[in-house]
Amino acid sequence: MAAFTVNGKPVSVQAEAGTPLLWVLRDELKLTGTKYGCGASLCGACTVHLDGRAVRACVTPLSAVEGKRVTTIEGLSPTSSHPLQKAWIDQAVPQCGYCQSGQIMKAAELLAANKSPSRDDIVRHMDGNLCRCGTYNRIITAIQQAAKEA
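First, a word on scope: everything that follows refers to the structure included in this document. (Residues numbered from 1 in each chain as written. Predicted model: local features only at pLDDT ≥ 70, side-chain atom pairs only at ≥ 80, totals over all residues. Heavy atoms only, no water.)

So, about the nonpolar core. In terms of nonpolar packing, the biggest core is built from 22 residues, with Leu 84, Trp 88, Ile 139 and Ile 143 touching the most fellow members. Mapped by element, the contributors of at least two residues to this core are α2 (73-76), α3 (83-90), α4 (100-113), α5 (119-126) and α6 (136-149). If we ignore the near neighbours within four places in the chain, the residues touching Ile 139 are Trp 88, Val 93, Gln 103, Met 126 and Cys 131. Within the second largest apolar cluster, 19 residues are counted, among which are Phe 4, Val 13, Val 48 and Leu 62. (Core = buried A, V, L, I, M, F, W, Y, C linked by side-chain atoms within 4.5 Å. Buried < 20%, exposed > 50% of the residue type's maximum accessible area, 1.4 Å probe, protein only. Helix = DSSP H or I, 4+ residues; strand = E, 2+ residues; numbered from the N terminus. Contact = heavy atoms within 4.5 Å.)

What follows is the structure in structure tokens.
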């Protein structure tokens, strides 16, 4: 059994210590906003925060979250009012939308550390979070918009 906090709520789950956090979130806790993309930490679709730091849930074992705080896209803002979520809508960022929760969680990590990132800061930080539809310019614009509103 593992005990940790998800989106501000304490949880305990019965799963093997090596079970990827992604499957605990989706299958055990029914938090399906975090997506499975590659299973090898290559795409970023499964990005969540672990004690405020962006991690890939597909390769983060349950044992690594014991006693820690996990934040998923569902916990970023209960009302979808986070500046990034609003900017994503304003800028019509998603096409298929599959990678978007991971993109937003990675961007939220950046804005928590850097309230006014340059375009280069954004590109550098978001490197490794892939968008199959290629909406990178809209992602950058949305992050810049959110930084102004945050």
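Moving on from the coordinates now.
All right, on to the pattern of salt bridges then. Per the stated rule, a full pass over the model turns up three salt bridges. Between Arg 124 and Asp 121 there is a salt bridge, with its nearest N and O atoms 3.0 Å apart. You can see Arg 124 and its partner Asp 121 sitting in helix α5, three residues apart, about one turn around the helix. According to the relative accessible area criterion, Arg 124 is exposed, its value standing at 56%. (Salt bridge = Lys/Arg side-chain N within 4 Å of Asp/Glu carboxyl O.)

This part takes up the packing of α3 against α6. At a minimum axis distance of 8 Å, the contact between α3 and α6 shows a crossing angle of 135 degrees. On the basis of their axis angle, the class for α3 and α6 is oblique. Seen along the crossing, α3 lies across α6 with a hand that is right-handed. Each of Pro 83, Leu 84, Lys 86, Ala 87, Trp 88 and Asp 90 in α3 lies in contact with α6, whose residues at this interface are Ile 139, Ala 142, Ile 143, Gln 145, Ala 146 and Glu 149. (Axes fitted to C-alpha atoms, helices over the stretch in contact; angles between N-to-C directions. Parallel < 35°, antiparallel > 145°, perpendicular 65-115°, else oblique. Left-handed = near helix turned anticlockwise from the far one by under 90°.)

This part covers α4. For α4, spanning 14 residues, the distance from its first C-alpha to its last is 20 Å, which sits close to the expected 20 Å at 1.5 Å a residue. When you tally the buried positions in α4, you get 12 out of 14 residues, the bulk of the element. Among all positions of α4, only Gln 100, Ser 101, Gly 102, Gln 103, Ile 104, Met 105, Lys 106, Ala 107, Ala 108, Glu 109, Leu 110 and Leu 111 are buried. (Expected span 1.5 Å × (residues − 1).)

Right, let's talk about unusual backbone geometry for a bit. Phi at Lys 30 takes a positive value of approximately 60 degrees, unusual for a residue other than glycine. Under the relative-accessibility criterion, Lys 30 is labelled exposed at 59%. Here the phi dihedral of Ser 80 falls at roughly 55 degrees; this positive angle occurs in a residue that is not glycine. Within the secondary structure layout, Ser 80 lies in the loop between α2 and α3.

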